[in-house]
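Given next are the chains, with one letter for each unit.
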Amino acid sequence: MRLARAVEEMKGLAILVGDVGTGKTLLARRLLEKLPESKFEVSLLVVLHSDVNSEWLLKRLAAQFGAENPGSTKVDIIQHLLERLVKLSEEGRRGVILIDEAHMLRKRELLEELRGLLNLELPNKKLLSFVLFGMPELDDNLKSEPALAQRLAVRCHLKNFSKEIVADYIRFRLFHAGCQANVFSNEAVERIHHWTNGNPRVINVICDNALFEGFIRRVPLPMGGQIIDDVAIDLGLSTQK
């Protein structure tokens with residue numbers, strides 16, 4: 001995974017962008033689980049709204065990294081954060097900050113703060129890596145701060161699934177749920193792709209509803225395309241076509 005490699009090699013700044021429902025949060029949490037505690041001190045922040053300021057960001061980061069009483073000014077907070085990162089480095093560990101919903105970081109002061117934090121380093125040794133997860137507008141946010149955009153080392157883009165991948169994805173989910181039966185016909189898979197445009201979250205929703213509806217109607221397996229169309233219409237997906 002390119003994001004894990006970016007962290008392992010302390011590239012500095014990596015981003016993953018994707019539309020709603022493509023799995024950004026899932027990948028953020030998987031990366032959090034994947035990085036061993038013996039090598040990394042990882043902080044996962046979720047930005048819930050765009051009104052946060054740089055002071056909030058710094059205080060949250062300092063708290064996440066265990067800096068006690070970091071002070072009230074930005075200078076004090078950054079100093080305490082630096083001391084904590086240096087201590088981690090002496091322990092043979094590195095600081096990693098994962099930020100979900102990072103497209104909410106729209107204020108220039110926040111982007112400037114990120115750039116400043118990337119400068120926390122020792123001679124020939126970076127102390128901190130950022131991985132940002134967000135909607136495609138995150139790209140535009142970075143462009144508004146060229147000095148930060150120039151620090152971007154890795155960029156990944158999550159896209160909706162093709163029809164072939166939709167079929168594999170459904171089989172994968174069913175298999176790991178303990179089902180080896182042929183639940184959806186080829187026609188049903190085609191209708192699922194049609195209604196969802198290959199969006200993983202919507203695929204999960206439409207399949208879950210189709211399974212329940214099929215159980216109620218006692219539909220024989222494999223289910224055909226009609227039940228998928230019925231479920232999609234009930235979910236209001238027809239208004240989006």
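Going by the structure above, here's the rest.
It should be emphasised that the depicted structure is a prediction, and the values quoted were computed from it without experimental measurement.

## Some points on the pairing of strand β2 (residues 40–46)
Regular strands show a simple pattern: their side chains alternate between the two faces of the sheet.
Step number 1: When you tally the buried positions in β2, you get five out of seven residues, the bulk of the element.
Step number 2: The sheet contact formed by β2 and strand β3 (residues 94–100) spans seven bridges and is parallel. Along β3, the bridge assignment pairs Val42 with Val96.

## Quick notes on the nonpolar core
Step number 1: Residues Leu85, Ile99, Leu105, Leu114, Leu117, Phe130 and Leu132 are the most contacted members of the largest nonpolar core, which totals 33 residues.
Step number 2: Mapped onto this core, the elements with two or more residues apiece are β1 (13–18), α3 (54–64), α4 (74–90), β3, α5 (108–118), β6 (128–134) and α6 (137–143).
Step number 3: In terms of residue count, the dominant contributor to this core is α5 (five residues).
Step number 4: Here Leu132 is in contact with Leu13, Ala14, Ile15, Leu16, Ile99, Ala102, Leu114 and Leu138, once residues within four sequence places are set aside.
Step number 5: In this structure, Val189, Ile192, Trp195 and Cys207 belong to the second largest nonpolar core, which totals 21 residues.

## Considerations on the packing of aromatic side chains
Step number 1: Under the counting rule described, the total for this entry stands at one aromatic pair.
Step number 2: Between the aromatic rings of Phe161 and Tyr169, the centroid separation amounts to 5.2 Å while the plane-to-plane angle is 55°, which identifies the pairing as tilted.

## Quick notes on helix α9 (residues 186–196)
Step number 1: Burial in α9 covers these residues: Ala188, Val189, Ile192, Trp195 and Thr196. Buried residues of α9 fall within an arc of 130° about the axis and therefore sit on the same side.
Step number 2: Buried positions along α9 lie against α8 (163–176), α10 (200–217) and α11 (225–234).

## Structural notes on the sheet that holds β3
Step number 1: Read from one edge to the other, the open sheet built from five strands follows the order β2-β3-β6-β1-β7, with strand pairing classed as parallel. The sheet terminates laterally at β2 and β7 (152–158), the two strands that pair on one side only. Strand-to-strand, the axes of this sheet are offset by a mean angle of 15°, without reference to chain direction.
Step number 2: Taken together, the five bridges between β1 and β6 define a ladder with parallel strand orientation. Residue Ala14 lies in a different strand from β6, and its bridge partner there is Val131.

## A look at the environment of Glu113
Step number 1: Secondary-structure assignment places Glu113 in helix α5.
Step number 2: Distance in space between the C-alpha atoms of Glu113 and Leu148 is 9.5 Å, their sequence separation being 35 residues.
Step number 3: Once residues lying within four places of it in the same chain are set aside, the contact partners of Glu113 are Ser54, Leu58, Lys74 and Ile78.

## Examining a nonpolar patch on the surface
Step number 1: Taken together, the side chains of Phe212, Phe215 and Ile216 present a nonpolar region at the surface, about 380 Å² in accessible area.
Step number 2: With respect to the helices and strands, Phe212 occurs in helix α10.

About the thresholds
Residues numbered from 1 in each chain as written. Predicted model: local features only at pLDDT ≥ 70, side-chain atom pairs only at ≥ 80, totals over all residues. Heavy atoms only, no water. Buried < 20%, exposed > 50% of the residue type's maximum accessible area, 1.4 Å probe, protein only. Helix = DSSP H or I, 4+ residues; strand = E, 2+ residues; numbered from the N terminus. Pairing = 2+ DSSP bridges. Core = buried A, V, L, I, M, F, W, Y, C linked by side-chain atoms within 4.5 Å. Contact = heavy atoms within 4.5 Å. Phe/Tyr/Trp six-rings, centres within 6.5 Å; stacked < 30°, edge-to-face > 60°. Arc of directions from axis to C-beta. Axes fitted to C-alpha atoms, helices over the stretch in contact; angles between N-to-C directions. Patch = residues over 30% accessible without salt bridge, like charges linked within 9 Å, V, L, I, M, F, W, Y side chains within 5 Å. Areas by Shrake-Rupley, 256 points an atom, 1.4 Å probe, with all protein chains shown as cover. Salt bridge = Lys/Arg side-chain N within 4 Å of Asp/Glu carboxyl O.

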